[in-house]
Amino acid sequence: MVKGVRHLVGAVLAAGAVAQAQTVQWDPPGGSLSVGRTSEFDLVCHDCHLLAPPQPPRIPGLVLRYIASSAGFDLSGIADTKYVFWGYWSKMEDLILPSFVADTDRGPITVPEARFEPIAATVGRNKEPLSSAASAALVVPPEVWQGQVFPVRYQIGADSNYQPDWSHTAPAWAHDGIDVEDWSAPQTHDAETAAGNRSGLEYTTRAIALRPGALELQPDRELVNLNVGVAAFGPATPQYEQFSVPCEPAAVTVKPLPAAPAGFLGGVGHFSIAAHVAPAAPAPGEPVTWTVELSGTGNWPQIAALPVRDVPEGFKVVHPQLQRTPEAGKIFDAKLTEDLVLVPSEAGHFVLPAVHWVYFDPDLGVFQTVSTEPAPIDVTGAAVAETETSAEALRLPAAVLSLGDLTAAPLSGTLLWIAAGAPFILLLFGWFALALRDARQNDPGMLRRRAWLRQRDRLMRIQMAANGNDTAALRKFLLEWQRDAVTTWGLPQASPTPESIGDRAEGALWAEADGAIFGPKAELPPDWLVRADQSLAAVPPPPFRWSRALAPRHLFPFALMAIAALSLGAAGTDVSNAAGNDEAAKFAEAEPAWRAAPALDAAGKHDVSVALARQGKWGEAVPFAAEAFVRDPAQREIRSQFTATCDRASVDPGPLTRFLAPDPWHRLVQTASPARWQRGAIVAAWIAALGLLLLLLRGYGVLRGARAPIAGLVGLGIGLVGGMISFAAARAYGAAGNAESIWVLRPTVMRPIPTEVAGVQAGTTVPPGAIGVPDREFLNWTRMRFDNGTVGWIREADTTPLWK
């Protein structure tokens with residue numbers, strides 16, 4: 001009984017010892033910590049290791065980055081795994097690394113809490129406070145208007161005696177409530193102070209405040225290496241220590257704008273406006289472009305439109321086109337251009353009125369107005385009859401189409417590249433096979449390799465003939481051995497003699513073989529076969545090198561394929577709108593059936609748009625017309641309906657705006673949907689690859705005749721040109737050519753984060769008709785990316801899919 005108890009107690013103690021053997025803890029486990037000095041934090045796993053890379057704790061004021069891990073043993077020979085972190089603490093308060101459970105190969109292990117007391121960091125042997133040795137400052141105006149562009153200057157410097165070494169990376173910062181440009185390149189900043197000379201860097205940028213109130217701006221702490229002395233032992237090498245330089249926050253008060261006058265569209269800054277008309281003397285029915293251009297410095301991210309223009313009687317408006325052009329690297333200097341296409345229907349003298357832009361001048365603190373000059377137009381010639389392509393005809397809804405016009409949806413970017421790149425990948429393998437075949441055929445060592453292999457066979461046959469006393473066979477095989485020996489030994493003569501071979505061992509072999517062939521007795525010395533085999537082993541043939549397939553003469557076809565791949569990747573009847581209530585009721589009755597059509601039925605989308613338009617629901621009709629247009633823009637009825645609904649509902653359909661009054665390029669693009677252009681690019685890629693294959697086969701001699709290179713060049717040319725045109729045409733649809741694209745139904749606010757909590761963020765107004773691509777969802781919010789690069793969250797209720 002006592003013995004059993006002893007065993008039980010021993011087992012419990014042993015289990016406790018094993019359980020205590022595995023630990024995970026911080027090293028050091030606590031103590032003092034210099035605020036602002038970079039330090040190393042080690043997470044040590046004793047007799048275990050983590051199952052996944054460690055995640056540093058997220059604590060405000062703590063910068064901690066995992067660097068690497070290392071393995072070793074303690075004094076008792078137990079394995080230790082050390083996970084090294086680098087970072088610094090920036091607050092004059094206790095740093096507490098909270099306890100957590102680590103997943104190890106020995107099971108979950110609790111990491112105890114580590115607590116560090118802050119002390120002020122000092123520099124060098126003189127213990128100079130860090131705040132005195134190095135400092136940074138963020139300089140901003142004390143007061144700005146909401147939306148005013150104001151300068152921001154960030155200066156960082158240190159005592160020159162410490163020979164500061166800066167990282168030369170732009171300060172990182174992110175502040176809610178402002179829009180900011182990128183930092184400028186750093187400029188050297190030297191200054192003389194009462195404490196001595198200081199050297200450092202200066203960065204500048206510009207920002208605008210999005211809402212009134214008090215703002216506190218502060219960039220992340222920047223790092224600097226300071227020379228704190230020389231090494232105590234060994235050669236006199238400087239010692240550097242790294243510090244994070246403190247920077248006091250900068251406060252700015254944002255004043256709200258005064259009560260705005262009529263016509264104010266949110267512009268704050270300094271602007272100029274100009275307008276011009278071309279042609280100034282058109283004929284009736286000839287389109288006239290009225291261009292208004294707004295430029296200047298201001299809060300361009302918040303400016304979305306130009307003033308609405310008054311058009312005199314006698315002109316029909318086709319559609320305006322808005323284009324924003326920012327200066328390179330700037331977001332507060334830009335130009336906004338809007339082209340309004342007018343079609344005069346009769347002759348006469350007309351004056352396009354002045355356009356007025358109301359903005360707030362932050363320097364004067366008042367609203368200002370700039371205006372264009374009135375533009376006279378003299379329309380001369382006879383009036384033309386209205387046609388189905390005139391502005392008035394474009395305002396009328398088209399007739400319905402027969403259902404069943406199914407189209408394909410666009411391919412994803414990855415699938416498109418795979419389908420277009422597959423022929424060139426296959427061609428690459430084919431080229432390599434042809435190059436390898438040619439390299440083998442033209443390999444200078446091929447004859448020696450073949451002769452060397454025959455030599456092995458000849459020696460076995462010679463031995464068999466000698467053992468069987470077959471004199472005729474022996475002489476025959478020796479003659480064949482001599483012929484292959486000439487190639488194997490690399491002799492210059494076709495019929496060498498023992499004297500021409502020289503003192504080499506092969507000379508004796510040759511002479512003895514001659515004696516057996518031409519002598520009275522066909523006999524060989526007993527050791528002849530052994531010496532011949534040793535001679536053969538001493539001169540192995542050169543191996544075939546695969547790299548010969550990559551010789552310059554074989555790389556020309558590969559260059560052609562690369563050029564081809566890069567080139568391909570660069571790359572109804574109108575009716576009157578004066579229908580009565582009976583007609584509207586008929587369309588309302590038929591609308592549900594048309595809505596039930598398949599998602600890819602272009603006619604179904606078109607018919608729903610027509611039904612809504614006949615009921616006077618022009619705003620609801622626009623997205624259905626756009627869905628029909630991207631599916632089958634080649635149909636005249638669909639194009640007419642799309643243009644009519646956008647015009648009546650005053651909707652700017654994002655990247656599809658160019659198709660409302662298309663130039664020659666967009667007329668070509670609208671002959672096919674983006675999905676068909678994509679498939680055209682794929683077909684062109686296969687044609688180009690086929691043309692390259694014909695050229696390769698002809699170049700390597702597999703095909704004969706003069707027609708093969710001609711056919712190859714024709715196929716390559718057709719593939720390259722067709723591929724570039726198809727790829728560019730598909731890209732002309734912008735976001736509308738993406739199968740996941742979304743149409744914005746109504747004016748909505750795009751927000752940086754998915755919430756509508758007041759005071760948390762400022763949003764940007766997105767007009768109806770904007771088209772973007774979703775990349776993330778959260779509850780009832782969708783984050784969208786637009787062609788102009790803007791990204792934000794929009795409520796799903798304000799959007800509808802364009803292709804689903």
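Residues numbered from 1 in each chain as written. Predicted model: local features only at pLDDT ≥ 70, side-chain atom pairs only at ≥ 80, totals over all residues. Heavy atoms only, no water.

Remarks on the overall build of the chain
Thought 1: Scanning the chain from terminus to terminus reveals 17 helices and 38 strands.
Thought 2: Summed over its atoms, the accessible surface of the chain is roughly 40700 Å², and 58% of this surface lies on carbon and sulfur atoms. (Helix = DSSP H or I, 4+ residues; strand = E, 2+ residues; numbered from the N terminus. Areas by Shrake-Rupley, 256 points an atom, 1.4 Å probe, with all protein chains shown as cover.)

Re unusual backbone geometry
Thought 1: Note the cis peptide between Asp-27 and Pro-28, where omega equals 5 degrees.
Thought 2: By the secondary structure assignment, Pro-28 is in the loop between β1 (23–27) and β2 (30–35).
Thought 3: Ala-278 connects to Pro-279 through a cis peptide bond whose omega is -5 degrees.
Thought 4: Its location among the elements puts Pro-279 in the loop between β24 (264–278) and β25 (288–298).

Considering the sheet that holds β1
Thought 1: As summarised here, the arrangement of the 4 strands in space is β1-β3-β5-β4, forming an open sheet in which the pairing is antiparallel. A single partner strand is all that each edge strand has here, and the edge strands are β1 and β4 (62–73). Neighbour-to-neighbour, the strand axes of this sheet turn through a mean angle of 20 degrees, independent of strand direction.
Thought 2: Summarising the sheet, strand β3 (residues 39–46) and strand β5 (residues 79–89) pair through 8 bridges and their orientation is antiparallel. Residue pairing for β5: Phe-41 is matched across the bridge by Phe-85. (Pairing = 2+ DSSP bridges. Axes fitted to C-alpha atoms, helices over the stretch in contact; angles between N-to-C directions.)

What to know about the packing of aromatic side chains
Thought 1: Under the defined criterion, the tally for this structure stands at 18 aromatic pairs.
Thought 2: Here the aromatic rings of Phe-41 and Phe-116 are separated by 5.8 Å at their centres, their planes lie at 90 degrees, and the arrangement is edge-to-face. Placement of Phe-41 in strand β3 and of Phe-116 in strand β9 (residues 114–120) is noted, with a sequence separation of 75 residues between them. In this structure, Phe-41 and Phe-116 share a single accessibility class: buried.
Thought 3: Centre to centre, the rings of Phe-271 and Tyr-359 are 5.4 Å apart; their planes meet at 70 degrees, and the pair counts as edge-to-face. (Phe/Tyr/Trp six-rings, centres within 6.5 Å; stacked < 30°, edge-to-face > 60°. Buried < 20%, exposed > 50% of the residue type's maximum accessible area, 1.4 Å probe, protein only.)

A short note on the nonpolar core
Thought 1: Counting 34 residues, the largest nonpolar core has Val-123, Leu-138, Val-152, Tyr-154 and Leu-217 as its most contacted members.
Thought 2: Of the residues forming this core, the biggest block, 5 residues, is contributed by strand β14 (residues 149–159).
Thought 3: Setting aside chain neighbours within four positions, we find Val-123 in contact with Glu-128, Leu-130, Ala-133, Tyr-162, Leu-226, Val-228 and Phe-243. (Core = buried A, V, L, I, M, F, W, Y, C linked by side-chain atoms within 4.5 Å. Contact = heavy atoms within 4.5 Å.)

Describing the packing of helix α12 (residues 602–614) against helix α13 (residues 618–631)
Thought 1: Interaxial distance between α12 and α13 falls to 8 Å at its minimum, and their mutual angle equals 160 degrees. Here α12 is positioned roughly antiparallel relative to α13, judged by the angle of their axes. For the pair α12 and α13, the crossing hand works out as left-handed. Across the interface between the two elements, Ala-602, Lys-605, His-606, Val-608, Ser-609, Leu-612 and Ala-613 of α12 pack against Trp-618, Glu-620, Ala-621, Phe-624, Ala-625, Glu-627, Ala-628 and Arg-631 of α13. (Parallel < 35°, antiparallel > 145°, perpendicular 65-115°, else oblique. Left-handed = near helix turned anticlockwise from the far one by under 90°.)

Digging into the pattern of salt bridges
Thought 1: Tallied over the entire structure, the rule returns 17 salt bridges.
Thought 2: The salt bridge partner of Glu-241 is Arg-37, with a shortest N-O separation of 2.2 Å. One end of the pair, Glu-241, is in strand β21 (residues 238–245); the other, Arg-37, is in the loop between β2 and β3, and 204 residues separate them in sequence.
Thought 3: Put simply, Glu-143 and Lys-255 hold a salt bridge, and the shortest N to O gap is 3.9 Å. One end of the pair, Glu-143, is in strand β13 (residues 143–145); the other, Lys-255, is in strand β23 (residues 250–255), with 112 residues separating them in the sequence.
Thought 4: Since its relative accessible area comes to 47%, Glu-143 is described here as partly exposed.
Thought 5: For Lys-255, a relative accessible area of 26% puts it in the partly exposed group.
Thought 6: One salt-bridge network, in which partners are shared between bridges, spans Asp-94, Glu-113 and Arg-115. (Salt bridge = Lys/Arg side-chain N within 4 Å of Asp/Glu carboxyl O.)

Details of the pairing of β4
Thought 1: In the sheet, β4 pairs with β5 via 11 bridges, with the strands oriented antiparallel. Looking at the pairing, Tyr-66 lines up with Phe-85 of β5.
Thought 2: Linking β4 back to β5 in an antiparallel pair, the connection comprises 5 residues, with Gly-77 at a positive phi of about 85 degrees.

A word on a nonpolar patch on the surface
Thought 1: Together, Trp-665, Leu-668, Val-721, Met-724 and Ile-725 make up an exposed nonpolar region whose accessible area comes to about 400 Å².
Thought 2: For the nonpolar patch, the secondary-structure elements that each account for two or more residues are α15 (664–669) and α17 (707–731).
Thought 3: With 3 residues, the single largest contributor to the nonpolar patch is α17.
Thought 4: Here Val-721 lies in helix α17. (Patch = residues over 30% accessible without salt bridge, like charges linked within 9 Å, V, L, I, M, F, W, Y side chains within 5 Å.)

Some details on α12
Thought 1: The terminal C-alpha atoms of α12, which comprises 13 residues, lie 18 Å apart, in line with the 18 Å expected from a rise of 1.5 Å per residue.
Thought 2: Where burial is concerned, most of α12 is hidden: 13 out of the 13 residues are buried. (Expected span 1.5 Å × (residues − 1).)

Some thoughts on the sheet that holds strand β19 (residues 213–217)
Across a sheet, paired strands are connected by hydrogen bonds in the backbone, their directions being either parallel or antiparallel.
Thought 1: With mixed pairing, 3 strands are arranged side by side in an open sheet as β13-β23-β19. In this open sheet, the two strands that pair with only one neighbour each are β13 and β19. Geometrically, the sheet is characterised by an average inter-axis angle of 30 degrees between neighbouring strands, direction not taken into account.
Thought 2: Pairing between β13 and β23: 3 bridges, direction parallel.

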